[in-house]
Structure formats: C-alpha cells, structure tokens
Amino acid sequence: MTAETSRGTDRTGTQGGAQPRQGPAEELGMTQPGASKHLRVLREVGLVRDRKAGKQRLYGLDARGLRTVHEWTGGFEQFWNESFDRLDAYVQELKQAGRQE
C-alpha cells in the first residue's frame, strides 16, 4: 500500500502540502504502520490523495471528499444561527430586566 520513506525526508519542499506518511505519524505520535492504516482508510473514502515521488508516497488532503459533509451540515447552519440569535435576544432581555430592578 505505501512505500517506505527515508528517515531524513524533508517535508518543506513538497508540492501542494503533500507529505510522506512519516510526517503525520511523527506529528501525531503514531507508528508508521498505524499511520499507514489511517491513511489507507482516508484515501478509500476520498479524504486523502496520494502520489508516488521516487521511493516514497506523498499524501495530501483532498477537500473534495468533504463536499458531501459540508452540504449535509449546511442544512443545520440556518437552524443554529437562528437558535443562537434567539438565545442572544433572550440574554439581552434578561440583562435589561436586571437593570430595571
């Protein structure tokens, strides 16, 4: 599934934010096999893309995979905005009532 990366891989020069598997593993305190498993699942559901670069495989976020989630949660945005607006109005009413006493 993934190619081994060298220990001295420099992630700063990768294109489009892509990183070798070793990068996220070290940053998250995971083993490379654990990171590989997670990356495989994320790739299978379309959240991560990968490409070969020499002997290593570079991974990057594929935001297109989040479109469905964004569209689904967008339906809740109006609900929550209206709910917080009502809560704010209620809090303001309580403040006004407290000042009048």
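Residues numbered from 1 in each chain as written. Predicted model: local features only at pLDDT ≥ 70, side-chain atom pairs only at ≥ 80, totals over all residues. Heavy atoms only, no water.

Novice: Go over the environment of Gly60 with me, naming the residues and quoting the values.
Specialist: Within the secondary structure, Gly60 is located in strand β3 (residues 56–61). Placed 13 residues apart in sequence, Gly60 and Leu47 show a C-alpha to C-alpha distance of 8.6 Å. (Helix = DSSP H or I, 4+ residues; strand = E, 2+ residues; numbered from the N terminus.)

Novice: Could you give me a rundown of the confidence of the model for the protein, with the residues and numbers involved?
Specialist: Looking at the protein, pLDDT values average 78 and 76% of them are 70 or higher. Averaged pLDDT values for the elements of the protein fall to 61 in strand β1 (residues 19–20) and rise to 92 in helix α3 (residues 67–100). Within the model, the stretch residues 1–16 combines pLDDT values under 50 with 36 contacts to residues more than four positions away or in other chains. (pLDDT = per-residue confidence, 0-100. Contact = heavy atoms within 4.5 Å.)

Novice: Tell me what's going on with the pairing of strand β2 (residues 48–53), and back it up with residues and numbers.
Specialist: In this structure, β2 lies alongside β3, joined through 6 bridges in antiparallel fashion. Residue pairing across strands places Lys52 opposite Arg57, the latter belonging to β3. Connecting β2 to the next strand, β3, in antiparallel fashion are 2 residues, including Gly54 with a positive phi near 70 degrees. (Pairing = 2+ DSSP bridges.)

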